[in-house]
Structure formats: C-alpha cells, structure tokens
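Notes for the structure review
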Amino acid sequence: EGDCGGARRTSRPIFGRRQRQHFLLYPAFRPGVSSGLRITAKIPEIPPKSVMSRKNRKRKIAVVEDEEAIQRVLAEWLMLEGYEAIRITTGREAVEVIPRELPDLILLDLILPELNGFEVMIELGKNPKTRSIPIVVITNLGDEEDRRRAMALGAKNYLVKAEYDFSAIKNVINSALKGLNSQST
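Conventions used here
- Residues numbered from 1 in each chain as written.
- Predicted model: local features only at pLDDT ≥ 70, side-chain atom pairs only at ≥ 80, totals over all residues.
- Heavy atoms only, no water.
- Salt bridge = Lys/Arg side-chain N within 4 Å of Asp/Glu carboxyl O.
- Helix = DSSP H or I, 4+ residues; strand = E, 2+ residues; numbered from the N terminus.
- Buried < 20%, exposed > 50% of the residue type's maximum accessible area, 1.4 Å probe, protein only.
- Contact = heavy atoms within 4.5 Å.
- 1 Å grid on protein atoms, 1.4 Å probe; cavity = no way out; pocket = protein on both sides within 12 Å on 5 of 7 lines; lining within 4 Å.
- Points joined across faces, edges and corners; volume = space filled by probe spheres on them.
- Nonpolar A, V, L, I, M, F, W, Y, C, P; charged D, E, K, R; others polar.
- Phe/Tyr/Trp six-rings, centres within 6.5 Å; stacked < 30°, edge-to-face > 60°.
- Lys NZ or Arg CZ within 6 Å of the ring centre and 35° of its normal.
- Axes fitted to C-alpha atoms, helices over the stretch in contact; angles between N-to-C directions.
- Parallel < 35°, antiparallel > 145°, perpendicular 65-115°, else oblique.
- Left-handed = near helix turned anticlockwise from the far one by under 90°.

A closer look at the pattern of salt bridges
In the structure shown here, the tally under the stated rule is eleven salt bridges. Linking Lys161 and Glu65 is a salt bridge whose minimum nitrogen-to-oxygen distance equals 2.8 Å. Of the two residues, Lys161 sits in the loop between strand E7 (155-160) and helix H5 (166-184) while Glu65 sits in the loop between strand E3 (60-64) and helix H1 (68-80), which places them 96 residues apart along the sequence. With respect to burial, Lys161 and Glu65 carry one shared label: buried. Note that Lys161 is salt-bridged to Asp109, the shortest N-O span being 3.4 Å. Residue Lys161 is located in the loop between E7 and H5, and its partner Asp109 is located in the loop between strand E5 (105-108) and helix H3 (117-126); the two are separated by 52 residues in the primary sequence. Classification of Asp109 as buried rests on a relative accessible area of 2%. Each of Glu65, Glu67, Asp109 and Lys161 takes part in a single network of salt bridges with overlapping partners.

Things to note about the environment of Arg92
Checked against the element boundaries, Arg92 lands in helix H2 (residues 91-101). On the accessibility criterion, Arg92 (37% relative accessible area) is partly exposed. The spacing of Arg92 and Leu112 is 20 residues in sequence and 9.1 Å in space, taken between C-alpha atoms. In this view, Arg92 contacts Pro113, Glu114 and Leu115; residues no more than four positions away in its chain are not counted.

Considering H2
Those residues of H2 not exposed but buried are Gly91, Ala94, Val95, Val97, Ile98 and Pro99. Structurally, H2 contributes buried residues whose contacts are with E3, strand E4 (84-88), E5 and H3. Just beyond H2, the residue with positive phi is Leu102, at close to 45 degrees.

A word on empty space enclosed by the protein
For the structure shown, the criterion picks out one cavity of 30 Å³ or more. Roughly 40 Å³ of internal volume is contained in the largest cavity. Going through the elements one at a time, E3 and E5 are the ones with two or more residues in the lining of the largest cavity. When grouped by side-chain class, the residues that make up the lining of the largest cavity number six nonpolar, no polar and two charged.

Brief notes about the packing of aromatic side chains
This structure, assessed with the given rule, holds one aromatic pair. Against the face of Phe118 rests Arg149, its NZ or CZ located 4.1 Å from the ring centre.

Some remarks on the packing of H2 against H3
Relative orientation of the contacting elements H2 and H3 amounts to 25 degrees, with a least axis distance of 9 Å. Considering their axes alone, H2 and H3 lie roughly parallel with respect to each other. Here the hand of the crossing between H2 and H3 comes out right-handed. Residues Gly91, Ala94, Val95, Ile98 and Pro99 of H2 form the contact with H3, whose participating residues are Val120, Glu123 and Leu124.

Here you go:
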C-alpha cells in the first residue's frame with residue numbers, strides 16, 4: 001500500500017454492497033508532520049427497505065440451485081442484467097432465507113438437497129410474506145407430471161435446463177416481474 005504520508009486508505013459503503021467509495025483519511029496535525037489536513041466525508045444514510053419504493057431499488061432475484069457452476073453463472077448474468085442476485089444452495093436454506101430477504105422473484109431448481117423444490121414451494125406457499133413471490137422453475141426434470149405439479153403449486157413458468165438459453169430466461173423473468181408491477185399499481 002506504500003507510504004501515503006501517514007494517510008490510511010479505508011472503504012465505506014455508500015450505495016450498497018457492490019458500490020464503494022474510497023477516501024484517503026489524513027491524520028490530524030501531529031508534531032513533525034507539515035500537513036495538518038484532515039479529509040472527511042459525510043456518508044448519506046440509506047433508508048430502510050420498508051421506506052424504499054420498488055422503483056428506487058434493484059429487483060432482487062433468488063437463485064435456488066445446488067449446482068455451483070450453474071448457480072454462479074445465473075447469479076453473475078443476473079447482476080450484469082441489473083438485478084441483485086441472492087444465491088441459495090439447499091431447499092432448507094431457501095425456506096429460511098427467502099422470508100428474510102423477500103426477493104421479487106425466485107428461480108428454483110426442483111432437485112435440491114434437504115428439501116426438494118416441490119417442498120420449498122409448499123413451505124413458501126404457507127407463509128403470507130412469501131406466497132405471492134413469483135417462482136420460475138428451472139430444472140432438469142422434463143416430465144409432464146413434474147411440470148403440472150409445479151404449476152399447480154404456483155410456479156409462473158417451468159423451464160427445462162437443456163431447452164433454455166439466457167434470452168428465454170430473460171423473457172420469463174421480465175414477464176413475471178411485469179405481472180408483479182401490474183399487481184402493485
């Protein structure tokens with residue numbers, strides 16, 4: 001980090017976890033140091049989630065997927081598309097994290113450890129805070145019975161991994177979120 005003349009570099013979040021503003025903070029005047037300069041900055045307060053309107057924040061999407069590579073690719077792609085991605089690996093974790101984070105949309109695999117995707121949908125459907133969150137199933141299960149069951153449990157759409165690409169996912173996400181926008185207005 002080198003000699004900054006007694007300065008220390010610190011990071012303080014301003015607008016969220018990803019965006020950080022860096023400041024050089026100089027110590028107050030000390031004997032033997034010619035500059036007594038102190039740089040300070042007022043960090044704006046971020047209102048709590050309940051105060052922020054949906055229009056003033058990024059849309060949050062939970063990616064519930066146990067395969068690390070697929071989960072990482074989906075999450076990174078969502079961030080590039082301007083969404084905030086929450087990465088969840090197990091069905092149990094989904095049932096615990098989703099009510100706390102309240103994402104705008106859930107991308108859900110059906111084959112998960114601890115609780116499978118169907119069980120996750122049942123548990124989320126019981127909770128008044130989560131029952132209205134749209135769920136898009138993204139899975140390897142291409143059987144028509146699995147598709148019918150997921151749709152009956154409230155899935156907005158059902159994609160088989162081998163049959164989709166990112167443009168299909170983007171269209172499905174936009175469609176699900178558009179439905180959410182029309183409900184909130």
